[in-house]
Amino acid sequence: FGGWIAFELARRLHQAGETVAPLILIDCEPPQRGRHSDHLEVLTQFVELLEMDLGKRLPLDTQALAEQLGDERDRRTLAAMVAAGLMPARATLAQFQALLRVFAANLNASYQPAADYPGEVALLNAQAEAKPPTVRRSLMSPAEAAEGWSRYAVRLREQTLQGDHMSVLKSPHVGQIAAAAAAAWPAHVLAAALQRDAGKHDAGAQAKDLSTQAESP
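These numbers come from a predicted model, not from an experiment. Every chain's residues receive numbers from 1 upward, in the order its sequence appears when written. In keeping with the predicted nature of the model, local features appear solely for residues at pLDDT of at least 70, side-chain atom pairs appear and are counted solely at 80 or more, and the whole-chain, interface and lining totals rest on all residues. Hydrogens are left out, water is left out, and the side-chain values use all remaining heavy atoms of the structure.

Thoughts on the overall build of the chain
Helix and strand assignments come from DSSP, with helices taken as H or I runs of at least 4 residues and strands as E runs of at least 2, each series counted from the N terminus. Across its full length, the chain holds 8 helices and 3 strands. The linear arrangement of helices and strands in the chain, starting from the amino end, is α-β-α-α-α-α-β-α-β-α-α. Residues count as neighbours in contact if any of their non-hydrogen atoms are within 4.5 Å of one another. For the chain, contacts bridging at least 24 residues in sequence account for 70% of all contacts bridging at least 6. Here, Shrake-Rupley sampling with a 1.4 Å probe gives the accessible areas, and only protein chains in the shown set may cover a residue. Here the chain displays about 13,100 Å² of accessible surface, and carbon together with sulfur accounts for 55% of that area.

Structure below.
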């Protein structure tokens, strides 16, 4: 979902005449029309992401969860998360269900770009073929993801990373992302961005000093 936001921002900035640095999308599914996942599907995918992050199964029987009604499913999942240290012991059912609602909104979101994006896009896909044993559903392959994005990104470059959707953001796999960023964003581009940020900071500090002086007797 975050990749869709980044893509749309880049597309609109380019449309407005701004210069946009190469866009990096990390293991992001291509745009698609909205889908409807019911509560059990949302909960199951939420648990799978947690298990992928942990690298092991939570003490939950998904088939048994399917036989439970809504609140009982959520209570059991919350208890398993607390036991695994993923949620504090003081977490309430209402807090957990609020988290699920946000996840469901992202999962069921719809996005169709209004036009193609002509800028550079680097699509960094996790190696879905080596999905963890904790993931039961089928995952989109890097080739399928690249094909989907190529419909909207004219200058798309795909790279397959070692690791899964969660582990690519952790050591040692995160080094692949750092290398891709260094290649996509040359040092002088980063330096210019830092210089602009520093200039804004200096201007803000000067404005604050002037404001303080004006207020002084």
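Thoughts on the environment of L124
With respect to the helices and strands, L124 occurs in strand β2 (residues 117-126). For the pair L124 and R157, spaced 33 residues apart in sequence, the C-alpha to C-alpha distance is 8.6 Å. Excluding residues that lie within four positions of it along the chain, L124 makes contacts with I24, L25, I26, D27, Q159, L161, I177 and A180.

Quick word on the pattern of salt bridges
One side-chain nitrogen of Lys or Arg within 4 Å of one carboxyl oxygen of Asp or Glu is enough to make a salt bridge. Scanning the entire structure with this criterion turns up 6 salt bridges. For E8, the salt bridge identified is with R12, shortest N-O distance 2.7 Å. You can see E8 and its partner R12 sitting in helix α1 (residues 2-15), 4 residues apart, about one turn around the helix. Buried means the residue's accessible area, taken with a 1.4 Å probe over protein chains only, is under 20% of the maximum for its type, while exposed means over 50%, and partly exposed covers the values in between. Assessed through its relative accessible area of 14%, E8 is described here as buried. Across the pair R75 and E72 runs a salt bridge whose closest N-O atoms are separated by 3.8 Å. Remark: E72 and R75 occur in helix α4 (residues 70-83); sequence separation between them is 3 residues, near one turn of the helix.

Examining the sheet that holds strand β3 (residues 153-161)
The parallel open sheet is built from 3 strands, whose spatial order is β1-β2-β3. Strand pairing shows two members of the sheet lacking a second neighbour, β1 (23-26) and β3, which therefore form its edges. Geometrically, the sheet is characterised by an average inter-axis angle of 20° between neighbouring strands, direction not taken into account. For two strands to be treated as a pair, DSSP must find at least two bridges joining them. Two elements, β1 and β2, share 4 bridges in a ladder whose sense is parallel. Among the inter-strand pairings, L23 is bridged to a residue of β2, identified as V121. Between N-to-C directions, angles span 0 to 180 degrees; the directions come from axes that are lines fitted to C-alpha atoms, helices contributing only their stretch in contact. Contacting β1, β2 and β3, α1 crosses the sheet at an angle of about 165° to β2. Packed on one face of the sheet, helix α7 (residues 174-184) meets β1, β2 and β3 and runs near 165° to β1.

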